[in-house]
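So the chains spell out like this:
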Amino acid sequence: MRKQRGFAMRTLARVAVFAALIAVLGLPGSLNVFGNAVPITLQTMGVMLAGAVLGSWRAALAVVVLLVLVAAGLPLLAGGRGGLGVFTGPSAGYLVGWVAGAAVTGWLVERGGRDPGLVRLIVACLVGGVGVIYLFGVPVQALVTGVSLGQAAWLSLIFLPGDVIKAVLASLVARGTQRAYPDAVPAVHQERLRSGGGR
């Protein structure tokens, strides 16, 4: 029982660290370009990193923790945004998409087993951290701003080059971390938890 409690505490610590990391990546601020109502931020890179290192459900939980704090009014989103109002604005779909994107990124990395490899990490970050987030974000942006779905999709293309760069950077950071610290591979961490040797 004590060992299980220790595992739970370590899991919560990991979740808290990545929730904090995503928040910290908002400190440089946000950038609105070409009149787009949704800002460009570094926080999506934190979502990708969470998925690549924590795995599916822990990464999703880290994002949920962050969003709950944001909903409570803490200014943890880029540009110092916080409060329930952000969940009714043009970015609302992207924020919800962070949860699904982190989970999908983590799920794809988990399928890579004990050595997911850089290519799998990049693909996982692109699919989960870009594709899935856009899938949630673009329709909500269209609905809130009153533009057509096609126009919202066109506007979102401004994010794509930066998001691809963030996906590559997140993958490189995750790969380096996993080489130095194998327990940062989601499948390895899960095996250690099952065997009673987790950290």
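Refer to the structure above for everything that follows.
A brief look at the structure comes next. (Residues numbered from 1 in each chain as written. Predicted model: local features only at pLDDT ≥ 70, side-chain atom pairs only at ≥ 80, totals over all residues. Heavy atoms only, no water.)

Bringing the overall build of the chain into the picture now. In terms of regular secondary structure, the chain is built from eight helices and zero strands. When the elements of the chain are put in sequence order from the N terminus, they spell out α-α-α-α-α-α-α-α. A burial count over the chain gives 46% of its 199 residues as buried. When contacts within the chain are restricted to residue pairs at least 6 apart in sequence, long-range pairs at least 24 apart make up 69% of them. Surface exposure of the chain reaches about 9,400 Å², of which carbon and sulfur atoms provide 71%. (Helix = DSSP H or I, 4+ residues; strand = E, 2+ residues; numbered from the N terminus. Buried < 20%, exposed > 50% of the residue type's maximum accessible area, 1.4 Å probe, protein only. Contact = heavy atoms within 4.5 Å. Areas by Shrake-Rupley, 256 points an atom, 1.4 Å probe, with all protein chains shown as cover.)

As a further point, take the packing of helix α2 (residues 43–54) against helix α4 (residues 92–110). Running from N to C, α2 and α4 cross one another at 35°; their axes reach a closest spacing of 7 Å. Between α2 and α4 the crossing geometry is right-handed. Side by side, α2 and α4 meet where Gln43, Thr44, Val47, Met48, Gly51 and Ala52 of the first sit next to Trp98, Gly101, Ala102, Thr105, Gly106 and Val109 of the second. Partitioning the contact of α2 with α4 into residue classes produces six nonpolar, six polar and no charged. (Axes fitted to C-alpha atoms, helices over the stretch in contact; angles between N-to-C directions. Left-handed = near helix turned anticlockwise from the far one by under 90°. Nonpolar A, V, L, I, M, F, W, Y, C, P; charged D, E, K, R; others polar.)

On to the pattern of salt bridges, then. One side chain can pair with another of opposite charge once the charged atoms of both are near each other. All chains considered together, the criterion is met by four salt bridges. Note that Asp183 is salt-bridged to Arg14, the shortest N-O span being 2.6 Å. In this pair, Asp183 sits in the loop between α7 (160–180) and α8 (186–195) while Arg14 sits in helix α1 (residues 2–24), placing the two residues 169 residues apart along the sequence. Assessed through its relative accessible area of 0%, Asp183 is described here as buried. (Salt bridge = Lys/Arg side-chain N within 4 Å of Asp/Glu carboxyl O.)

Residues Phe18, Val47, Val63, Leu66, Tyr94 and Trp98 are the most contacted members of the largest nonpolar core, which totals 43 residues. If you list the elements that add at least two residues to this core, you get α1, α2, α3 (56–71), α4, α5 (117–145) and α7. Discounting residues that sit within four places of it in the chain, Tyr94 has contacts with Val38, Ile133, Tyr134, Gly137, Val138, Gln141, Ser156 and Phe159. (Core = buried A, V, L, I, M, F, W, Y, C linked by side-chain atoms within 4.5 Å.)

As a further point, take the packing of aromatic side chains. Scanning all chains against the criterion turns up two aromatic pairs. Residues Tyr94 and Tyr134 carry aromatic rings whose centres are separated by 6.5 Å and whose planes lie at 80° to one another, so their mutual orientation is edge-to-face. With a gap of 40 residues between them, Tyr94 in helix α4 and Tyr134 in helix α5 connect regions that are remote in the sequence. By the burial criterion, Tyr94 is buried, and Tyr134 matches it. Of the residues examined, Tyr94 reaches a relative accessible area of 7% and is grouped as buried. (Phe/Tyr/Trp six-rings, centres within 6.5 Å; stacked < 30°, edge-to-face > 60°.)

The residue Ala71 is located in helix α3 in this model. When the C-alpha atoms of Ala71 and Leu84 are compared, they prove to be 4.8 Å apart, with 13 residues separating the residues in sequence.

Between α5 and helix α6 (residues 149–156), the shortest axis-to-axis distance is 8 Å and the interhelical angle comes to 125°. Compared by their axis directions, α5 and α6 come out oblique. Judged by the twist between their axes, the crossing of α5 over α6 is right-handed. Residue-level contacts link Tyr134, Val138, Pro139, Gln141 and Ala142 of α5 to Leu149, Ala152, Ala153, Leu155 and Ser156 of α6. For the contact of α5 with α6, the per-class residue count stands at eight nonpolar, two polar and no charged. (Parallel < 35°, antiparallel > 145°, perpendicular 65-115°, else oblique.)

Here the focus is the side chain of Gln178. Here Gln178 is to be found in helix α7. Separated by 2.9 Å, the side chain of Gln178 and the backbone oxygen of Ala52 make a polar contact. Not counting residues within four places of it along the chain, the set of residues in contact with Gln178 comprises Ala52, Val53, Pro116, Leu121, Ala184, Val185 and Pro186. (Polar contact = N/O pair within 3.5 Å; in protein donor to acceptor, adjacent residues only side chain to side chain.)

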